[in-house]
Amino acid sequence: MKILVVDDHPLILGALAALLPQLDDTIVVRAAAGASEAVAILDGEPDVRLVLLDLGLPGQRGQDLLADFLLDYPGVPVVILSATHDDATVTAALAAGAHGFIAKTASPAA
(Lines give C-alpha, C1' and ligand atoms only; values in the text may rest on other atoms or scores of the structure.)
Protein backbone atom coordinates (compact mmCIF):
# COMPACT_ATOMS: atom_id res chain seq x y z
CA MET A 1 0.00 0.00 0.00
CA LYS A 2 1.38 3.39 -0.98
CA ILE A 3 0.96 6.24 1.53
CA LEU A 4 1.68 9.87 0.70
CA VAL A 5 2.87 11.98 3.64
CA VAL A 6 2.52 15.73 3.07
CA ASP A 7 4.46 17.75 5.64
CA ASP A 8 7.00 20.56 5.48
CA HIS A 9 9.16 19.18 8.30
CA PRO A 10 11.91 16.82 7.09
CA LEU A 11 12.06 15.12 10.50
CA ILE A 12 8.37 14.17 10.34
CA LEU A 13 8.73 12.93 6.76
CA GLY A 14 11.77 10.84 7.68
CA ALA A 15 10.23 9.46 10.85
CA LEU A 16 7.05 8.35 9.09
CA ALA A 17 9.02 6.91 6.17
CA ALA A 18 10.87 4.76 8.71
CA LEU A 19 7.92 3.94 11.00
CA LEU A 20 5.09 3.10 8.61
CA PRO A 21 6.80 0.22 6.75
CA GLN A 22 7.44 -1.39 10.15
CA LEU A 23 3.67 -1.74 10.55
CA ASP A 24 3.34 -3.72 7.33
CA ASP A 25 6.10 -4.61 4.91
CA THR A 26 3.84 -3.83 1.95
CA ILE A 27 3.69 -0.12 2.88
CA VAL A 28 5.58 2.24 0.61
CA VAL A 29 5.88 5.84 1.78
CA ARG A 30 6.07 8.77 -0.63
CA ALA A 31 6.87 12.18 0.83
CA ALA A 32 5.93 15.68 -0.27
CA ALA A 33 7.05 18.89 1.42
CA GLY A 34 4.23 20.97 -0.06
CA ALA A 35 1.01 21.03 -2.04
CA SER A 36 2.48 21.18 -5.54
CA GLU A 37 4.78 18.24 -4.86
CA ALA A 38 1.86 16.28 -3.40
CA VAL A 39 -0.31 16.98 -6.46
CA ALA A 40 2.50 15.85 -8.76
CA ILE A 41 2.78 12.57 -6.86
CA LEU A 42 -0.99 12.01 -6.80
CA ASP A 43 -1.26 12.77 -10.52
CA GLY A 44 1.70 10.57 -11.43
CA GLU A 45 1.11 7.69 -9.05
CA PRO A 46 -2.54 6.60 -9.10
CA ASP A 47 -1.76 3.74 -6.72
CA VAL A 48 -1.53 6.07 -3.68
CA ARG A 49 -4.09 4.66 -1.23
CA LEU A 50 -3.85 7.14 1.66
CA VAL A 51 -2.73 10.73 2.25
CA LEU A 52 -1.45 11.91 5.62
CA LEU A 53 -1.80 15.69 5.43
CA ASP A 54 -0.33 18.35 7.70
CA LEU A 55 -2.78 21.26 8.04
CA GLY A 56 0.03 23.72 8.77
CA LEU A 57 1.89 23.87 5.46
CA PRO A 58 3.45 27.29 4.81
CA GLY A 59 1.55 29.37 2.28
CA GLN A 60 -1.46 27.03 2.34
CA ARG A 61 -4.75 27.00 4.15
CA GLY A 62 -4.93 23.43 5.40
CA GLN A 63 -8.71 23.19 5.18
CA ASP A 64 -8.61 24.44 1.58
CA LEU A 65 -5.96 21.90 0.66
CA LEU A 66 -8.00 19.15 2.30
CA ALA A 67 -11.04 20.19 0.24
CA ASP A 68 -8.95 20.24 -2.96
CA PHE A 69 -7.58 16.75 -2.33
CA LEU A 70 -11.03 15.36 -1.55
CA LEU A 71 -12.46 16.92 -4.71
CA ASP A 72 -9.61 16.08 -7.08
CA TYR A 73 -8.80 12.59 -5.71
CA PRO A 74 -12.12 11.29 -4.37
CA GLY A 75 -10.95 7.69 -4.05
CA VAL A 76 -8.00 8.54 -1.81
CA PRO A 77 -8.79 8.94 1.89
CA VAL A 78 -7.10 11.86 3.63
CA VAL A 79 -6.13 11.67 7.29
CA ILE A 80 -4.96 14.84 8.98
CA LEU A 81 -1.63 14.84 10.79
CA SER A 82 -1.29 18.04 12.78
CA ALA A 83 0.39 19.71 15.75
CA THR A 84 -2.80 21.71 16.20
CA HIS A 85 -5.39 19.38 17.63
CA ASP A 86 -7.86 21.45 19.59
CA ASP A 87 -11.50 20.40 19.42
CA ALA A 88 -12.43 23.06 16.85
CA THR A 89 -9.63 22.04 14.46
CA VAL A 90 -10.40 18.33 14.73
CA THR A 91 -14.14 18.86 14.34
CA ALA A 92 -13.68 21.16 11.32
CA ALA A 93 -11.35 18.72 9.57
CA LEU A 94 -13.65 15.76 10.11
CA ALA A 95 -16.69 17.79 9.06
CA ALA A 96 -14.84 18.81 5.89
CA GLY A 97 -14.36 15.15 4.98
CA ALA A 98 -11.08 14.01 6.54
CA HIS A 99 -11.17 10.29 7.24
CA GLY A 100 -9.32 10.71 10.51
CA PHE A 101 -7.13 12.97 12.59
CA ILE A 102 -3.77 12.13 14.17
CA ALA A 103 -2.19 14.60 16.56
CA LYS A 104 1.57 14.91 16.15
CA THR A 105 1.76 14.42 19.90
CA ALA A 106 0.36 10.86 19.52
CA SER A 107 2.59 7.93 20.31
CA PRO A 108 4.02 5.88 17.43
CA ALA A 109 1.78 2.98 18.52
CA ALA A 110 -1.30 5.12 17.99
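Rules behind the numbers
Residues numbered from 1 in each chain as written. Predicted model: local features only at pLDDT ≥ 70, side-chain atom pairs only at ≥ 80, totals over all residues. Heavy atoms only, no water. Helix = DSSP H or I, 4+ residues; strand = E, 2+ residues; numbered from the N terminus. Rg over C-alpha atoms; globule rule 2.2 N^0.38 Å. Buried < 20%, exposed > 50% of the residue type's maximum accessible area, 1.4 Å probe, protein only. Contact = heavy atoms within 4.5 Å. Salt bridge = Lys/Arg side-chain N within 4 Å of Asp/Glu carboxyl O.

Caption draft 1: Looking closely at the overall build of the chain. Within the chain one finds four helices and five strands. Going from N to C terminus, the chain has its helices and strands arranged as β-α-β-α-β-α-β-α-β. The C-alpha radius of gyration of the chain comes to 13 Å, within 12% of the 13 Å expected for a compact globule of 110 residues. Dimensions along the principal axes, computed over C-alpha positions, put the chain at roughly 35 × 30 × 25 Å. Here the chain holds 110 residues, and the buried ones make up 39% of them. For the chain, the proportion of contacts with a sequence separation of at least 24, taken over those separated by at least 6, is 61%.

Caption draft 2: Structural view of the pattern of salt bridges. Applying the stated criterion across every chain, the model contains six salt bridges. The salt bridge partner of E45 is K2, with a shortest N-O separation of 2.7 Å. Here E45, found in the loop between α2 (35-44) and β3 (48-53), pairs with K2, found in strand β1 (residues 2-6); they are 43 residues apart in sequence, far enough to count as distant. A relative accessible area of 16% places E45 in the buried class. By relative accessible area, K2 is classed as buried at 15%. Note that R30 is salt-bridged to E45, the shortest N-O span being 2.7 Å. Residue R30 is located in strand β2 (residues 28-32), and its partner E45 is located in the loop between α2 and β3; the two are separated by 15 residues in the primary sequence. Overall, the relative accessible area of 29% leaves R30 in the partly exposed class. Salt bridges sharing partners connect three or more residues here, namely K2, R30, E45 and D47.

Caption draft 3: Main features of the environment of L11. Summarising the element assignment, L11 is placed in helix α1 (residues 10-23). Between the alpha carbons of L11 and P74 there is a distance of 29 Å; along the sequence they are 63 residues apart.

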